[in-house]
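Chain by chain, the residues run as shown.
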Amino acid sequence: MSTLRAEELQSREDKIEGWPVRITSYRVGNQYRSTVDNIDPGATVARGAGPSREAAELEAISTARERLAKVKRLEASLSAVHESMAAMQDLFKKGN
Amino acid sequence: MPYAQPEVLVETDWVEQHLTDPKVRIVEVDAEPSEYEEGHIPGAVGWNWATQLSDQRVRDLLSKEAFEMLMSHSGIANDTMVVLYGDNNNWFAAWAFWQMVIWGHDNVRLMNGGRKKWISEGRPLDTDRPGYPATRFTAAGPDRTQRAMLSEVMAAVHRGGTSLIDVRSPPEFTGEIYAPPGLPETCQRAGHIPGARNVPWGKVCNEDGTFRSREELEALYNEAGATHGKPIIAYCRIGERSSHTWFVLKYLLGRHDVKNYDGSWTEWGNLVGAPVAVGSDQR
């Protein structure tokens, strides 16, 4: 059995693409692991691993940035749909 | 005030003292299954929620036969105590717990704080995948009182009197976003089931991932109308976060009529003609 432990655990709060996140990293053996958690709802958004803390965090943050940016785009699309619907309703009212 | 059924929780200390207990089987279930491979509690079996805890053809839970096979191949007998834990403060560990109760295995515990607490405490991790002699586990049930199907939720909306608890994040509930970042299962419409109250699952946890006190949990759910004596249905997006809430309401707070609607928003939000509400809940 190759027993390891998580060591050098660090955690900090930050913002990525406007979303509040918590970035956690630690070392297990000779590998560093990092997670980016969405503070609300508290779930992991992205993970990374690498030979150094910086490398692990860079991977996790890059993936998180990509994913969170996509969420913003969906939000923008939904807003556009709502605006179009409101405009159509206005036109309908004027037509009547 | 103690939890209604405190015996369903075990602490990380207890788990470390029972790593080699032959009557205990530790099982890790993660939202991200690769977490297990990177290091798990020594001796823990790893289950993949997507491939091992879901039917692979129909969108459904495991069949009785498939559940029996999973348990047997994991070296779990009918008298084995199963201790579940996982990432995201036990999202899918709670999902596995819920399925165990449906299939009649009540000798199951959740490790308070999950994988996060175990790691933050610097407890031992292992990368070896253990093998255990197969057993002949036999399931009972299904216990249908733990699960809400679409027709029941639809009836509850029209009839009233049932507390619908939406455990997703506020932006999902209000309809600002379709799904949390990085999670692929989505839907055609954003918003929530009319009449539902929003109690995000994460509100039940402390910073270290453990559950908040009974007093705090009672206040949280009473304020949302999920009071004693009232039927409660919890839902989220695919049913895993709401199984976490189901666990809290049923075992920590002792609510008697609690169901998890695992069809959740990915079912409701894709239904033609289903009523959808947007914006925050009416409190």
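Computed from a predicted model, the values in this text were never measured in an experiment.

A.B. asks: Quick question: what am I supposed to make of the packing of helix 5 (residues 87–102) of chain B against helix 10 (residues 240–252) of chain B here?
C.D. replies: Axes are the key here: two packed helices are described by the angle between their axes and the distance separating the axes. All names here are of chain B. The geometry of helix 5 relative to helix 10 is characterised by a closest axis approach of 7 Å and an angle of 65° between their N-to-C directions. Between helix 5 and helix 10, the crossing angle belongs to the class labelled roughly perpendicular. Like other packed secondary-structure pairs, helix 5 and helix 10 cross with a definite hand, here left-handed. Contact with helix 5, carried on its side by Asn89, Asn90, Trp91, Phe92, Ala94, Trp95, Phe97, Trp98 and Val101, involves Glu240, Arg241, Ser243, His244, Trp246, Phe247 and Tyr251 of helix 10 and no other residues of that element.

A.B. asks: Got a minute to help me understand the interface of chain A and chain B in this structure?
C.D. replies: On the chain B side, the residues contacting the 27 residues of chain A number 32 residues. The interface formed by chain A and chain B includes four salt bridges. Between A:Arg47 and B:Glu35 there is a salt bridge, and its shortest N-O distance comes to 2.6 Å. On inspection of chain A and its partner chain B, the count reaches six residue pairs in polar contact (both at pLDDT 80 or more). Elements with a contribution of two residues or more to the side of chain A that touches chain B: strand 1 (3–16), strand 2 (19–28), strand 3 (31–38), strand 4 (44–50) and helix 1 (53–95) of chain A. Residue contributions to the side of chain A that touches chain B peak at six residues, all from helix 1 of chain A. Taken together, the residues that form the side of chain A that touches chain B break down as 14 nonpolar, six polar and seven charged. Relative to strand 6 (residues 124–126) of chain B, strand 1 of chain A runs antiparallel, the two sharing three bridges. The residue bridging A:Leu4 from the neighbouring strand is B:Leu125, located in strand 6 of chain B.

A.B. asks: So what exactly am I meant to see when it comes to empty space enclosed by the protein here?
C.D. replies: A probe matching the size of a water molecule, rolled over the atoms, marks out where space remains unfilled. Considering all chains together, one arrives at two cavities of 30 Å³ or more under this definition. Taken together, 10 residues line the largest cavity, and the ones lying closest to its centre are A:Ala43, A:Thr44, B:Pro180, B:Pro181 and B:Leu183. Every element with two or more residues in the lining of the largest cavity is listed here: strand 4 of chain A together with helix 5 of chain B. Within this model, the second largest cavity holds a volume of roughly 50 Å³. A:Tyr26, A:Arg33, A:Ser34, A:Thr35, A:Arg47, A:Gly48, A:Ala49, B:Glu35 and B:Glu38 are the residues that line the second largest cavity. The residue inventory of the lining of the second largest cavity, partitioned by class, reads two nonpolar, three polar and four charged.

A.B. asks: How should the pattern of salt bridges be read in this particular structure?
C.D. replies: Opposite charge on two side chains makes pairing possible when the charged atoms of those side chains draw close. In total, this model carries 26 salt bridges over all chains according to the counting rule given. Note that A:Arg12 and A:Glu57 form a salt bridge whose closest N and O atoms lie 3.1 Å from each other. You can see A:Arg12 sitting in strand 1 and its partner A:Glu57 sitting in helix 1, a full 45 residues away along the chain. Taking relative accessible area as the criterion, A:Arg12 reaches 36% and is therefore assigned partly exposed. The salt bridge partner of B:Glu121 is B:Arg123, with a shortest N-O separation of 2.6 Å. Taking the relative accessible area as the measure of exposure, B:Glu121 reaches 31% and is therefore partly exposed. The exposure class assigned to B:Arg123 is buried, which follows from its relative accessible area of 12%.

A.B. asks: Which parts of the structure should I look at to understand the domain arrangement of chain B?
C.D. replies: When the parts of a complex come together, some accessible area is lost, and that lost area is often taken as the interface size. Residues and elements named next belong to chain B. When the domains of chain B are assigned, the result is domain 1 (6–143) and domain 2 (147–268). Each partner contributes to the interface: domain 1 provides 22 residues, whereas domain 2 provides 26 residues. Roughly 2,100 Å² is buried in total at the junction of domain 1 and domain 2, and carbon and sulfur atoms are behind 67% of that figure. Ranking the residues of domain 1 by area buried against domain 2 places Arg59, Trp91 and Trp98 at the top, with a combined share of 33%.

A.B. asks: How should I be thinking about the packing of aromatic side chains in this particular structure?
C.D. replies: Given two aromatic rings, one states the distance between the centres and the angle between the planes to describe the pair. All names here are of chain B. Following the criterion strictly, the structure yields 12 aromatic pairs over all chains and no others. Aromatic side chains Trp49 and Phe92 sit 4.3 Å apart centroid to centroid with 15° between the ring planes, which places their arrangement in the stacked category. Taken together, the residues span a long stretch of sequence, with Trp49 in helix 3 (residues 49–52) and Phe92 in helix 5 at a distance of 43 residues. Phe92 matches Trp49 in its accessibility class, with the two residues each being buried. Each ring, one from Trp91 and one from Trp201, has its centre 5.5 Å from the other, and the planes form 80°; the classification is edge-to-face. Highlighted residues: Trp91 in helix 5 and Trp201 in the loop between strand 8 (197–198) and helix 9 (214–223), separated in sequence by 110 residues. Looking at Trp91, the relative accessible area reads 1%, which means it is buried. For Trp201, a relative accessible area of 0% translates into the label buried. An aromatic cluster is built from Phe97, Phe211, Trp246, Phe247 and Tyr251, whose rings are joined through pairwise contacts. For Arg25, the ring lying beneath its charged end belongs to Tyr132, and the centroid distance is 3.6 Å. Geometry around Trp118 places Arg123 over its ring, the cationic atom sitting 5.7 Å from the centre.

Procedures and definitions
- Residues numbered from 1 in each chain as written.
- Chains lettered and ligands numbered in written order.
- Predicted model: local features only at pLDDT ≥ 70, side-chain atom pairs only at ≥ 80, totals over all residues.
- Heavy atoms only, no water.
- Axes fitted to C-alpha atoms, helices over the stretch in contact; angles between N-to-C directions.
- Helix = DSSP H or I, 4+ residues; strand = E, 2+ residues; numbered from the N terminus.
- Parallel < 35°, antiparallel > 145°, perpendicular 65-115°, else oblique.
- Left-handed = near helix turned anticlockwise from the far one by under 90°.
- Contact = heavy atoms within 4.5 Å.
- Salt bridge = Lys/Arg side-chain N within 4 Å of Asp/Glu carboxyl O.
- Polar contact = N/O pair within 3.5 Å; in protein donor to acceptor, adjacent residues only side chain to side chain.
- Nonpolar A, V, L, I, M, F, W, Y, C, P; charged D, E, K, R; others polar.
- Pairing = 2+ DSSP bridges.
- 1 Å grid on protein atoms, 1.4 Å probe; cavity = no way out; pocket = protein on both sides within 12 Å on 5 of 7 lines; lining within 4 Å.
- Points joined across faces, edges and corners; volume = space filled by probe spheres on them.
- Buried < 20%, exposed > 50% of the residue type's maximum accessible area, 1.4 Å probe, protein only.
- Domains from an automatic or database assignment.
- Buried area = accessible area lost by both parts, 1.4 Å probe.
- Phe/Tyr/Trp six-rings, centres within 6.5 Å; stacked < 30°, edge-to-face > 60°.
- Lys NZ or Arg CZ within 6 Å of the ring centre and 35° of its normal.

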